[in-house]
Amino acid sequence: QDYNPNAKIAFVVFYSNPPAHPENSKYAKTKPAPTWSEYDRDRPKVDNMLRLNFESARLTHPQCRLVILTDTSTEFSMGKIDPGLSGPKIEIVRTEGLDSNEEMLSRLRTRVRFLESERGTHHLVFLDTDMLVVKNLNRVFGEPFDVAATWRHQKE
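Now for a description of the structure that goes with this document.

The rules behind these values
- Residues numbered from 1 in each chain as written.
- Predicted model: local features only at pLDDT ≥ 70, side-chain atom pairs only at ≥ 80, totals over all residues.
- Heavy atoms only, no water.
- Salt bridge = Lys/Arg side-chain N within 4 Å of Asp/Glu carboxyl O.
- Buried < 20%, exposed > 50% of the residue type's maximum accessible area, 1.4 Å probe, protein only.
- Helix = DSSP H or I, 4+ residues; strand = E, 2+ residues; numbered from the N terminus.
- Phe/Tyr/Trp six-rings, centres within 6.5 Å; stacked < 30°, edge-to-face > 60°.
- Expected span 1.5 Å × (residues − 1).
- Pairing = 2+ DSSP bridges.
- Axes fitted to C-alpha atoms, helices over the stretch in contact; angles between N-to-C directions.
- Contact = heavy atoms within 4.5 Å.
- Patch = residues over 30% accessible without salt bridge, like charges linked within 9 Å, V, L, I, M, F, W, Y side chains within 5 Å.
- Areas by Shrake-Rupley, 256 points an atom, 1.4 Å probe, with all protein chains shown as cover.
- Core = buried A, V, L, I, M, F, W, Y, C linked by side-chain atoms within 4.5 Å.
- Lys, Arg positive; Asp, Glu negative; His and termini not counted.
- Polar contact = N/O pair within 3.5 Å; in protein donor to acceptor, adjacent residues only side chain to side chain.

### Some details on the pattern of salt bridges
Here is step 1 of the chain: Under the defined criterion, the tally for this structure stands at 8 salt bridges.
Here is step 2 of the chain: Between D42 and K45 there is a salt bridge, with the nearest N and O atoms lying 3.7 Å from each other.
Here is step 3 of the chain: On the basis of relative accessibility, which here comes to 28%, the residue D42 falls in the partly exposed class.
Here is step 4 of the chain: Here R107 and E103 are joined by a salt bridge, their closest N and O atoms 2.6 Å apart. Pair noted here: R107 and E103 are both in helix α4 (residues 103–118), with a separation of 4 residues, about one helical turn. Neither R107 nor E103 differs from the other in exposure class; each is buried.
Here is step 5 of the chain: Linked through salt bridges whose partners overlap, the residues forming this network are R65, E91 and E118.

Here it is, written out as structure tokens:
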């Protein structure tokens, strides 16, 4: 689609409860819980990261859209994740049929479904929960590209 200078930016994050993998689970002997799930189990930390993520987006983009993509069972307390600043409210978009044991696949499925419903009405920025928005990105969307990504050069 052509660049729409009037389109607002939507900041989109994915979060769902990590797999539990209890001892009696079918995954207990064959598949250990992923290392990221240990951190994601600490909901106060996750809620704080989401709050800071959206607070930074609102400060740099007061008219933005804020979206959490998730499954049908993960609960959110808006009082804990909403920064409380004036501006847009956080939307929660739920997708059925996700598997918490396949977090990356679930993340991709929710993004594809979101993209199908979005239809180009917003410029989209997909963020991890632990990211902050430090500058206004409006001028970036004036550049000719369809997909952009960040890359960090790591010295070996």
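### Some remarks on the packing of aromatic side chains
Here is step 1 of the chain: One pass over the full model with this rule turns up 1 aromatic pair.
Here is step 2 of the chain: Ring plane angle 75° and centroid distance 6.2 Å describe the contact between Y15 and F76, whose orientation is recorded as edge-to-face. Here F76 lies in the loop between β2 (65–70) and α3 (78–81) and Y15 lies in the loop between β1 (8–14) and α1 (35–40), a separation of 61 residues in the sequence. F76 matches Y15 in its accessibility class, with the two residues each being buried.

### Examining helix α2 (residues 43–60)
Here is step 1 of the chain: Taking 1.5 Å of rise per residue, the 18 residues of α2 would be expected to cover 26 Å, and the 26 Å separating its terminal C-alpha atoms lies within 8% of that figure.
Here is step 2 of the chain: Within α2, the full set of buried residues consists of R43, V46, D47, M49, L50, N53, F54, S56, A57, R58 and T60.

### Some points on the environment of M131
Here is step 1 of the chain: With respect to the helices and strands, M131 occurs in the segment after β4 (122–127).
Here is step 2 of the chain: Each C-alpha atom, one on M131 and one on V13, is 9.6 Å from the other, the two residues being 118 residues apart in sequence.

### Some words on the sheet that holds β4
Here is step 1 of the chain: Across the sheet, which stays open at both edges, the 4 strands sit in the order β3-β2-β1-β4 with parallel pairing between neighbours. Edge positions in the open sheet fall to β3 (90–94) and β4, since each of these has one partner strand only. Between one strand axis and the next, the sheet turns through 25° on average, direction left out of account.
Here is step 2 of the chain: Its contacts with the sheet put α4 on β1, β2, β3 and β4, and the angle it makes with β4 is roughly 170°.

### So, a nonpolar patch on the surface
Here is step 1 of the chain: On the surface, L52, L132 and V134 cluster together to form a nonpolar patch covering roughly 300 Å² of accessible area.
Here is step 2 of the chain: Its place among the elements puts V134 in the segment after β4.
Here is step 3 of the chain: Looking at V134, the relative accessible area reads 70%, which means it is exposed.

### Some remarks on the nonpolar core
Here is step 1 of the chain: Counting residues in each nonpolar core, the largest one holds 19 residues, and the members touching the most others are F11, L50, L66 and I68.
Here is step 2 of the chain: Mapped by element, the contributors of at least two residues to this core are β1, α2, β2 and β4.
Here is step 3 of the chain: Ranked by residues supplied to this core, first place goes to α2 with 5 residues.
Here is step 4 of the chain: One finds A10, V12, L98 and F114 within the second-largest nonpolar core, a separate group that totals 7 residues.

### Here we look at the side chain of D71
Here is step 1 of the chain: Among the secondary structure elements, D71 is positioned in the loop between β2 and α3.
Here is step 2 of the chain: Nearest to the buried, unbridged D71 among oppositely charged side chains is R94, at 4.6 Å.
Here is step 3 of the chain: At a separation of 3.4 Å, a polar atom in the side chain of D71 contacts the side chain of T70.
Here is step 4 of the chain: Looking at D71, its side chain comes within polar contact range of the main-chain nitrogen of S73, at 3.2 Å.
Here is step 5 of the chain: If we skip the residues at most four places from it in the chain, D71 touches S16, N17, R94, T95 and L98.

Keep in mind that these numbers describe shape and distance, not what the molecule does.
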